[in-house]
Amino acid sequence: MSKKIADRYLVISKLGEGAYGTVFLAEDLKNNNVKVAVKQLKGGTVEEGVPISCLREISLLKELAHINIVKLMDVIHLNANITLVFEYVETDLKELLKKNQNQGLPPKLYKSFLYQLLQGIQNIHKMKILHRDIKSENLLISEKNILKITDFGLARGYGLPIKNFRNDVVSLWYRAPDIILGNENYERSVDMWSIGCIFGEMVTGNIFFKGFSENDQLRKIFELLGTPNEKWYKFYMDYPEWKNQALTEVSLPGDLKKTLPKLDDDGIDLISKLLELDPEKRILAPDALKHPFFKDLDEDTKKLYQ
């Protein structure tokens, strides 16, 4: 049933629900009935106050203004409940990939989306923020094929003084192996690994590393990229969870070209650098945007940044 929020937003239908809130499609009655996305955050009681996760998301979103980041338009605070009003974007990458399962997106499209994603994450990182939950359903796609990063519920600031972060972040299929193994001293590399997984998913039309547990996720990653050993990435042995994982199978690095035959040499080189096992060597957004893979980027995408 439709209902009003703050006598301005008329809720039309439910769009989805996550760990941090429920999202509805609504109309802005004071702005020509423009469609908006209304996210009602899960809060506590009046006595408990507003959860710190809600305040953190609002604070971060207010700092970010970029074409590839979803726009926060309004914040409604009633008692201990907070409602965020965002620009409405028609679909997300997850739904788009469902329609292209097992075949992937056209090269022109996945190249454009990857470039836009890197532009958005570069802006986020410039603000000293880690997103920590890049996945296909958190990447909105407009009717004009503009990609917008959303859902900053797990986002955190980073920088000095250095502090340890939680390692139970990022959906498992997009989580870097070093984080699965307990690395808490990570920075921008956490998001870059996820982008590499998104890249592979857009090319193939399937989840790139689809593990059913942390151990299975590591097995699938190492089957393709190779298992760290004492001569190669010895520091992996120092991660807290290394001994707790049953890594009995040792794999040599596989052939990414066989896995991704549609990618040219530049594409293979870029995804290899995004899916670098060593977080210190993993390519960052500024360098990725300069990669030769984008030398033939379409003019419509280029115009977004002129």
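Residues numbered from 1 in each chain as written. Predicted model: local features only at pLDDT ≥ 70, side-chain atom pairs only at ≥ 80, totals over all residues. Heavy atoms only, no water.

Peer 1: I keep staring at the packing of aromatic side chains and nothing clicks. Help me out?
Peer 2: By convention here, two paired aromatic rings are described through the distance between centres and the angle between planes. Taken as a whole and judged by the stated rule, the model has 14 aromatic pairs. Centroid distance Phe-208 to Phe-209: 5.0 Å. Interplanar angle 65 degrees. Geometry classified as edge-to-face. By the burial criterion, Phe-208 is buried, and Phe-209 matches it. Ring pairing ties together the aromatic residues Tyr-110, Tyr-115, Phe-199, Phe-293, Phe-294 and Tyr-305, which thus form one cluster. A cation over an aromatic ring shows up here: Lys-111 above the ring of Phe-293, its NZ or CZ 4.3 Å from the ring centre. (Phe/Tyr/Trp six-rings, centres within 6.5 Å; stacked < 30°, edge-to-face > 60°. Buried < 20%, exposed > 50% of the residue type's maximum accessible area, 1.4 Å probe, protein only. Lys NZ or Arg CZ within 6 Å of the ring centre and 35° of its normal.)

Peer 1: Would you mind going over the nonpolar core with me for this structure?
Peer 2: Counting residues in each nonpolar core, the largest one holds 81 residues, and the members touching the most others are Leu-93 and Phe-199. With 9 residues, the next largest nonpolar core counts Tyr-9, Val-11, Phe-24 and Ala-26 among its residues. (Core = buried A, V, L, I, M, F, W, Y, C linked by side-chain atoms within 4.5 Å.)

Peer 1: Can you help me understand the confidence of the model for the protein chain in this one?
Peer 2: A low pLDDT score tells you not to read the predicted coordinates there in detail. Chain-level pLDDT for the protein chain is 87 on average; 88% of the residues reach the 70-or-more range. Here helix 1 (residues 52–63) stands out as the element of the protein chain with the lowest mean pLDDT, 74, in contrast to helix 9 (residues 285–289), whose mean of 98 is the highest. In the model, residues 45–49 has pLDDT below 50 throughout and makes 5 contacts with residues more than four positions away in sequence or in other chains. (pLDDT = per-residue confidence, 0-100. Helix = DSSP H or I, 4+ residues; strand = E, 2+ residues; numbered from the N terminus. Contact = heavy atoms within 4.5 Å.)

Peer 1: What am I meant to see in the packing of helix 3 (residues 107–126) against helix 5 (residues 189–204) here?
Peer 2: A pair of packed helices is captured by two measures, namely the crossing angle of their axes and the spacing between those axes. Two elements in contact, helix 3 and helix 5, have axes whose closest approach is 10 Å; the angle formed by their N-to-C orientations is 170 degrees. Between helix 3 and helix 5, the angle falls in the class roughly antiparallel. Read as a crossing pair, helix 3 and helix 5 show a hand that is right-handed. Two secondary-structure elements touch here, helix 3 through Tyr-110, Phe-113, Leu-114, Leu-117, Leu-118, Ile-121 and His-125 and helix 5 through Asp-191, Met-192, Ile-195, Ile-198, Phe-199, Met-202 and Val-203. Looking at the contact of helix 3 with helix 5 residue by residue, the classes come out as 12 nonpolar, 1 polar and 1 charged. (Axes fitted to C-alpha atoms, helices over the stretch in contact; angles between N-to-C directions. Parallel < 35°, antiparallel > 145°, perpendicular 65-115°, else oblique. Left-handed = near helix turned anticlockwise from the far one by under 90°. Nonpolar A, V, L, I, M, F, W, Y, C, P; charged D, E, K, R; others polar.)

Peer 1: I would appreciate a short explanation of helix 8 (residues 265–274) in the present structure.
Peer 2: Residues that lie three or four places apart on an α-helix share one face, since the helix turns once every 3.6 residues. Here helix 8 has its buried residues at Gly-267, Ile-268, Leu-270, Ile-271 and Leu-274. All buried residues of helix 8 fall inside an arc of 165 degrees around its axis, so they share one side. Elements in contact with the buried residues of helix 8: helix 3, helix 5, helix 7 (256–259) and helix 9. The N-cap of helix 8, judged by a side-chain oxygen 3.2 Å from the amide nitrogen of Asp-266 a few residues on, is Asp-264. (Arc of directions from axis to C-beta. Polar contact = N/O pair within 3.5 Å; in protein donor to acceptor, adjacent residues only side chain to side chain.)

Peer 1: Got a minute to help me understand the pairing of strand 3 (residues 21–28) in this structure?
Peer 2: Taken residue by residue, a regular strand's side chains alternate between the two faces of the sheet. For strand 3, the buried fraction is high: 6 of the 8 residues fall into the buried class. When strand 3 meets strand 4 (residues 34–41), the two strands line up antiparallel, connected through 8 bridges. Bridging from a neighbouring strand, Thr-22 pairs with Gln-40 of strand 4. Linkage of strand 3 to strand 4, two consecutive antiparallel strands, is achieved through a turn of 5 residues, within which Asn-32 is found at a positive phi near 55 degrees. (Pairing = 2+ DSSP bridges.)

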